[in-house]
Amino acid sequence: MNFRYDVIVVGAGHAGCEAAVAAANMGSKTLLITMDMNKIAQMSCNPAVGGIAKGQIVREIDALGGQMGIVTDTATIQFRMLNKSKGPAMWSPRAQSDREKFIGKWKVIIENTDNLFVWQDTVASLVIENKTVTGVKTVMDVNFSAKSVILTNGTFLNGLMHIGKTQLRGGRASEPASFGITEQLSGFGFTTGRMKTGTPARIDGRSVDFSLMEEQKGDEGFHKFSYLDFIPRTLKQLSCWITYTNEEVHTTLRDRLNDSPLYNGQIKSIGPRYCPSIETKVVTFAEKTSHQLFLEPEGENTQEYYLNGFSSSLPLHTQIEALQKIPAFRNIHIYRPGYAIEYDFFDPTQLKHTLETKLINNLFFAGQINGTTGYEEAGGQGLIAGINAHIKTHGGNEFILKRDEAYIGVLIDDLVTKGVDEPYRMFTSRAEYRILLRQDDADMRLTEKGYDIGLAKKERVELLNQKKEEIGRIIDFTANYSLKPEYINEGLEKLGTAPLKHGIRLKDVITRPQVSIDSIAELVPAFKAELDKTPNRKEEIKETCEIIIKYDGYIKREQLIADKISRLENIHIKGKFNYENISSLSTEARQKLAKIEPETIAQASRIPGVSPNDISILLVLLGR
């Protein structure tokens, strides 16, 4: 066995899998080290991928040549496009996944990717020489050398699980924690902290009265995650179910708060604001008489269900007693209780935008080790870390996505510029260019970038070019085809929109809120015939055309703003200032700028505590 590699990835969660496959596909001899080969890409929490803003990240991963979208489409048992009642900047794809098939598909990909090797073991320490990582050492006392190492340890670094007063060392239920790496890196000057996350009880569907719940079916449409042209959703499509807590549930929880690790001082670390435990909801929203819960299937052939919204670290008997107060769960049987888990993370301001650490050369961090939460955020970071680890090993320009190019760019810039004071979760509101970062156009934003660095395959570019050609043809038709009042007004009135007083371009009629491409095509045979010329992915292309036409003004305006800001991105300042000696800067600005060491003026402007006046001072000092 050869113990020398280009890239070593530690941890086979969602970040690690994307990192390892990306590095290997780009040509690096890559080793993926995992504690358990049967838990590759484990869905530790809910069996779903995507959601608000998270779905956009998955489409970006796919557009660049990553794997999460392909795996999810293969394992989907329900698909929904969230926020369809809002503008397209808010549309977010989400899929329920068959947990076992999700893991199985990832395992097939990893074991059949050229240049990628797997070793089942636990990494005990890094080998670091002259502030450069050169390999790892495992608990089996095996030494592996590498030119770059990516840590994607998830919740395993000094992981501690809580179920009431019971505490168990581990990174996940029935899986051991990892020790030694945090302490080693702290010795090199890394700032570390503790975070907390949680998960609910898993429920046996045979004990649930589904007649007392509201059924939530998936969409029947064409949407999926991957831009590759294959038919998704071959699995049986299943429903989710909605129910609610009540005052009896809340009373039971309130009466036992002294047994909650969150409230008796047992847990002292930072928990997720946007995914609180049920006991936190009862305390924080004391005026609410109920909270919505979603019962989500774990797979097409299992009775296991995930109860979204009922994360808890209360004692087992309290969890069961509270659940039994919900009518649909009066005869509840659970497979395992909910629990909280505390784990180590590292302050992400210690990273470059490539996700390489500032303190140790060739060492990269990705995923929850950076203070994030969620499979999608982890996958996006893993992909960027894998790409840049390969580049660092073989040479080339570093790969960084800007804030106006991808949600992944927003995510990483937020982490390395602002840091985290709670588990970071992506939302559309975090992106200032939402209309540019839609879920439908991730391929047009990123696929050529992925191809240029050697990650996305030629097949993706060919599909993209076909799509661009079809979109251009359809939009040109609408811009050049005129509608006359005598032929169209009756149909327009039936659509609830004003009749024409004179001839008008088809494109201008489509901009009306009451009109869709499909509805107007039924009134204009020539347009319908033009749409029918689209050979593949007709519905996807029509949707993108409609968004581009209807939101053309908004898109151009946002692009103009992004272009103006990008000028500041091109003003590089790293290494040009000794901030502590610039007395005209505020004290906070001097401290923050010295800590973060921003690459550009634009990044400096996003650091909390750095004011517009501070930025003006820097520009003056630069002679601008």
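Since this is a predicted model, take the numbers as computed values, not measurements.

Caption draft 1: Focus on the overall build of the protein. Helix and strand content of the protein: 21 helices and 22 strands. For a compact globule of 624 residues, the expected C-alpha radius of gyration is about 25 Å, and the protein comes in at 26 Å, within 12% of that figure. Taken along its principal axes, the extent of the C-alpha atoms in the protein is 80 × 70 × 55 Å. Taken across its 624 residues, the protein has 58% of its residues classed as buried. Summed over all atoms, the accessible surface of the protein reaches about 25600 Å², with 49% contributed by carbon and sulfur. Averaged over its 77 positive side-chain charges, the protein has a centre that lies 2 Å from the centre of its 78 negative ones.

Caption draft 2: View of the sheet that holds strand β11 (residues 166-169). The strand order across the open sheet formed by 4 strands is β11-β10-β19-β12, and the pairing between neighbours is antiparallel. Looking at strand neighbours, the two that pair on one side only are β11 and β12 (192-199), the edges of this open sheet. Each adjacent strand pair in this sheet contributes to an overall mean axis angle of 25°, direction not counted. Across 4 bridges, the pairing between strand β10 (residues 160-163) and β11 is antiparallel. Within β11, the position partnered with M161 by the bridge is L168.

Caption draft 3: Molecular detail of the side chain of R94. With respect to the helices and strands, the residue R94 is situated in strand β5 (residues 92-97). Note on R94: relative accessible area 18%, which makes it buried. Side-chain polar atoms of R94 contact the side chain of E296, separated by 3.0 Å. If we skip the residues at most four places from it in the chain, R94 touches N46, A48, V49, G50, G51, Q78, F79, R80, L82, F225, E296 and N308.

Caption draft 4: Main features of unusual backbone geometry. At N158, a position not held by glycine, the phi torsion is positive, near 55°. One can find N158 in the loop between β9 (143-151) and β10. According to the relative accessible area criterion, N158 is buried, its value standing at 10%. For R537, which is not glycine, the phi dihedral falls at a positive 50°. Tracing the backbone through its elements, the reader meets R537 in the loop between α16 (525-531) and α17 (538-550). Given the relative accessible area of 15%, R537 is considered buried.

Caption draft 5: Layout of the pattern of salt bridges. The tally for this structure, following the rule as stated, stands at 51 salt bridges. In this structure, K392 engages E356 in a salt bridge whose closest nitrogen and oxygen atoms are separated by 2.5 Å. Note that K392 is positioned in helix α9 (residues 375-394) and E356 in the loop between β19 (339-346) and β20 (363-365), a separation of 36 residues in sequence. A cluster of three or more residues bridged by salt bridges with shared partners is formed by R403, D413, D414, K418, E432, E569 and R606.

Caption draft 6: Structural detail: helix α13 (residues 485-494). Every buried residue of α13 is listed here: P485, I488, N489, G491 and L492. Considering only its buried residues, α13 is in contact with β21 (482-483), α14 (506-510) and α15 (517-521). Note on α13: the residue one or two positions beyond its end, G496, has a positive phi of about 85°.

Caption draft 7: Here's a closer look at the sheet that holds strand β4 (residues 76-82). Here we have 3 strands laid out as an open sheet, ordered β3-β5-β4, and antiparallel in their pairing. The sheet is open, and its two borders are formed by β3 (48-50) and β4, each paired with just one other strand. Put simply, the sheet's adjacent strands are angled 15° from each other on average, direction ignored. Bridging between β3 and β5 involves 3 bridges; their strand directions are antiparallel.

Caption draft 8: Quick peek at the environment of L257. Position of L257 relative to the elements: it lies in the loop between α6 (247-255) and α7 (278-284). Residue class for L257 comes out buried when judged on its relative accessible area of 18%. In the structure, L257 is positioned 89 residues away from L168 in sequence and 20 Å away in space, judged by C-alpha atoms. Beyond its immediate stretch of four places on either side in the chain, L257 contacts Y263, E279 and V283.

Reading guide: rules and limits
- Residues numbered from 1 in each chain as written.
- Predicted model: local features only at pLDDT ≥ 70, side-chain atom pairs only at ≥ 80, totals over all residues.
- Heavy atoms only, no water.
- Helix = DSSP H or I, 4+ residues; strand = E, 2+ residues; numbered from the N terminus.
- Rg over C-alpha atoms; globule rule 2.2 N^0.38 Å.
- Buried < 20%, exposed > 50% of the residue type's maximum accessible area, 1.4 Å probe, protein only.
- Areas by Shrake-Rupley, 256 points an atom, 1.4 Å probe, with all protein chains shown as cover.
- Lys, Arg positive; Asp, Glu negative; His and termini not counted.
- Charge placed at Lys NZ, Arg CZ, Asp CG, Glu CD.
- Pairing = 2+ DSSP bridges.
- Axes fitted to C-alpha atoms, helices over the stretch in contact; angles between N-to-C directions.
- Polar contact = N/O pair within 3.5 Å; in protein donor to acceptor, adjacent residues only side chain to side chain.
- Contact = heavy atoms within 4.5 Å.
- Salt bridge = Lys/Arg side-chain N within 4 Å of Asp/Glu carboxyl O.

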